[in-house]
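Report on the structure
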Amino acid sequence: MRKSFRLSNRVPNKNLHIDQDDFREFEPFEGETDVIPRSTAPGTEPLTVVGVDMRKDFNKANHYTAEYVNNLLVVRRAQQFAIDITFNRPTVPQDDFQLEFLIGEDPAANKDSLVVVTFGNRPGTSWSGEILGTRDTVVSLGITAHATAIVGLYRMYVAIAVDNGMQRTEKDPNTNLYVLFNPWSPDDEVFYPDEVGRTEYVLNSTGLIYMGTYDQVTERGWVYGQFEEGVLDACIYILDVCQMPIQSRGDITKMVRTASALINSQDDNGVLVGNWSDDFSMGTAPTTWTGSTKILLQYQNTGAPVSFAQCWVYAGVLNTFLRCLGIPSRVITNFNSAHDNTGNLKTELVFKVDGTPDERNTRDSIWNYHCWNEAFMKRVDLPPKFSGWQVVDATPQETSDGYFRCGPAPVIAIRDGELCHPFDCRFVFAEVNSDVIHMVSDRYGNMTPKSVDTTYVGKMIYTKAVDSWGPEDITGTYKYPEGQDNQTMAKAEEYGCERDQSDLPASKLSIQISAQAGFVGEPLKIEVTFYNQAELMKSVRAHLEIAVTYYTGVASSVPFKSEDFTLDIAAFQSSTRVFEISPQDYVSQLGSNSSLGITVTGKSDHEEASAVKTISLKLPPLNITLSGRPQVNQEMYALVSFTNTLSFPLTGAKLAMEGAGLLETQVYNYRTIPPMGQISRKVGFRPLKPGLRTLLVLLDCENLPDVTTMVEVKVMP
């Protein structure tokens, strides 16, 4: 084989399962020929290590890592941790020893993957060390990993200097330790400035993800489970699979950008396979997942991408990854999220001449909602104002530098239209700021813009509030109020974001759709009101279509109702048409969707108008009660019940429950739940951890969207 002269050695990119020996137990100094330690002078007892105490309980409490279910020490960089070394005799000033921390394959001091910590006058490397105290033969040492230290699993050795070399302890997996990012330290690039925020964005292992529509918001719980057994190793495994260089794993910007690519499997064998169809037979339906733990452990155990995910699953798993490594993060929901295939600020909805939607020629779409993440960090590669919350999106939509990934994009850059900064600011800006252009296509394929709506996209942006189970509206962090954003939009255009420049006269005809969302299986009433602001009466030819839609705005089937009608509207008056929709009209087409898309168009002699609205139907409730003694390792019970109040049977039902620190994921299958039929399941469990815990329960059926509920319990030690 010909030798490659491009690189003398490949870049180390593996952290877990390093089987090679790091050192010989005795390593002679340069120039020494002896391969064993030279004998000490008579009467002098050589210093040797008897034992190492990693002081896990003490360190984990100080480093906020006690929640990790892991037998090894977990600490955070830029903060001192303590280790006790027991020697064979009390130490004297002449004794010279050091600790050596290694990460990855082929560690090297100049790559910060081999770190030497000294405790005397001899200089060490970037980590600092001090002797905290001595007790007979026990020496307490304080070690502080540098604020930019590589994040991951380290191996540790104690090395003692003898006359002709360094005598090291044997390789001992029990002295391995994890080093994580530290949002508690002002020296770390992920420092978060208040304790309440750190508790929410780093330590909270259960969250809410908002869904539905902007005027009918729903929510689902998600168990992040970042501290559960095996999850930390699974997150490091993800970095190993993608062969992220070890030396880059202390760089927060690189870490977050890499993570956004790794959570999807579109091009790099990442964690999750996306599926926006109705066929989930080759995996798990996205609506069935209750949290991230099972997904991450399955990925690590099989080495194969996990099926299936949609945007909230990608966001939930990425949030687990970030919080597990110590990065403050939260899940974001953008309501009326633009998905434009041409990378501009124009989302074009095309209609035929007769007013019906032209699905074949409509390339863009507006999702009812789209979920992504924000990670909090200092952007050392950008001016200071761009530090703080950064958009990171793992849902595969378009490539960025050759991979399906998005971010980190500074939220403040999105708000101010400063889209020249890395990464992917233009794409995110379009998701929250696109104009909706209603186009009419004639028989020859020519398209003419008829109206422009600058307010529809990015209607509302939600995240879970700090220390609360309610939402926080953060729309103002992404965009200025309508009418106050002219400077932002102008600046975005300077950076190449194209807007529609059609000079359309103000229309005297407008449409408003109102619909009261009831429960699935109930009749619906839809009111369509036309407004005539002209000085003359208008005779309007109108068309209405209603179809079951995915949350992505795409119709799941042909419209179940399509109707033409006419109205005569007096000058400066309005006219309303009411449509009654029976359950028989839509129930059979629902499947796993609960959204109905309504499209109305109207045309008078010289003017046209159109309006769209999505409504989310309500679902029957899922009930849960807890009993037993809420104490660690004491028996408790969860009683879950559900009554099918609908007029049709529910098929392929899965009842799932999970609670971080309470209960691993449990799934129970029901072939059919008949109309007015009830299911009930009593599950016993023993809490594993004290504190305020949350149990999440979910019911998912083939022909009904998922129903979720949560209950909190305070577990005593």
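Numbers given for residues are sequential positions, taken from 1 along each chain in its written order. Whole-chain, interface and lining totals are the exception, using all residues; otherwise, since this is a predicted model, local features are given only for residues with pLDDT of at least 70 and side-chain atom pairs are given and counted only at 80 or more. Think of the side-chain values as coming from all heavy atoms in the structure, minus any hydrogens and water.

Describing the nonpolar core
Within soluble globular proteins, side chains that are nonpolar tend to cluster in buried spots. To keep it simple, the criterion reads: Grouping buried Ala, Val, Leu, Ile, Met, Phe, Trp, Tyr and Cys residues that are joined through side-chain atoms within 4.5 Å yields what is termed a nonpolar core. Relative accessible area decides the class of each residue, using a 1.4 Å probe on protein chains only: under 20% of the type maximum gives buried, over 50% gives exposed, and in between gives partly exposed. Elements are defined by DSSP. Helices are runs of H or I of four residues or more, strands are runs of E of two residues or more, and each kind is numbered from the N terminus.
Counting residues in each nonpolar core, the largest one holds 64 residues, and the members touching the most others are L272 and W312. If one sorts the elements of this core by residue count, helix α6 (residues 311-324) sits on top with 10 residues. One finds L524, I569, L663 and Y668 within the second-largest nonpolar core, a separate group that totals 59 residues.

So, the environment of K479
So the rule is basically this: A contact between two residues is defined here by any heavy atoms of the two lying within 4.5 Å. Polar contact is the term for a pair of N or O atoms within 3.5 Å; when the atoms are in protein, one must be able to donate a hydrogen and the other to accept it, and sequence-neighboring residues count only if both atoms are side-chain atoms.
Topologically, K479 is positioned in the loop between α9 (475-478) and α10 (486-494). Judged by relative accessible area, which is 13%, K479 ranks as buried. Once the C-alpha coordinates of K479 and V432 are considered, the two residues, 47 residues apart in sequence, prove to be 7.9 Å apart. Aside from chain neighbours lying at most four places away, what touches K479 is R415, V432, N433, V457 and G458. At 3.0 Å, the side chain of K479 and the backbone oxygen of V457 are in polar contact.

Looking at the state of the cysteines
A covalent bond between the sulfur atoms of two cysteines is referred to as a disulfide. Defined as follows: Counting rule for disulfides: a pair of cysteine sulfur atoms within 2.5 Å.
Considering all chains together, one arrives at 0 disulfides under this definition. No disulfide involves C406; its nearest neighbouring cysteine sulfur is the one of C425, lying 8.7 Å away.

Let's talk about helix α8 (residues 425-433)
Counting buried positions over the 9 residues of α8 gives 8, a clear majority of the element. If you check which residues of α8 are buried, you get C425, F427, V428, F429, A430, E431, V432 and N433.

So, the packing of helix α3 (residues 231-241) against α6
The criterion, for reference: Between the N-to-C directions of two axes lies an angle of 0 to 180 degrees, each axis being a line fitted to C-alpha atoms and, for a helix, fitted only over the stretch in contact. When an angle is under 35 degrees it counts as roughly parallel; over 145 it counts as roughly antiparallel; between 65 and 115 it counts as roughly perpendicular; any other value is oblique. We call Asp, Glu, Lys and Arg charged. Ala, Val, Leu, Ile, Met, Phe, Trp, Tyr, Cys and Pro are nonpolar, and the rest, Gly among them, are polar.
Two numbers describe how α3 lies on α6: the axes approach to 10 Å, and their chain directions differ by 100 degrees. In terms of axis orientation, α3 runs roughly perpendicular to α6. Contacts from V231, L232, C235, I238 and L239 in α3 reach T320, F321 and C324 in α6. A breakdown of the residues in the contact of α3 with α6 according to their chemical character gives 7 nonpolar, 1 polar and no charged.

Observations regarding helix α5 (residues 293-302)
Looking only at α5, the buried set comprises T293, I295, L296, Y299 and Q300. In this structure, the buried side of α5 is in contact with β13 (216-223), α3, β14 (272-274), β15 (306-309), α6 and β36 (650-659). Positive phi appears at G303, one or two residues downstream of α5, with a value of about 70 degrees.

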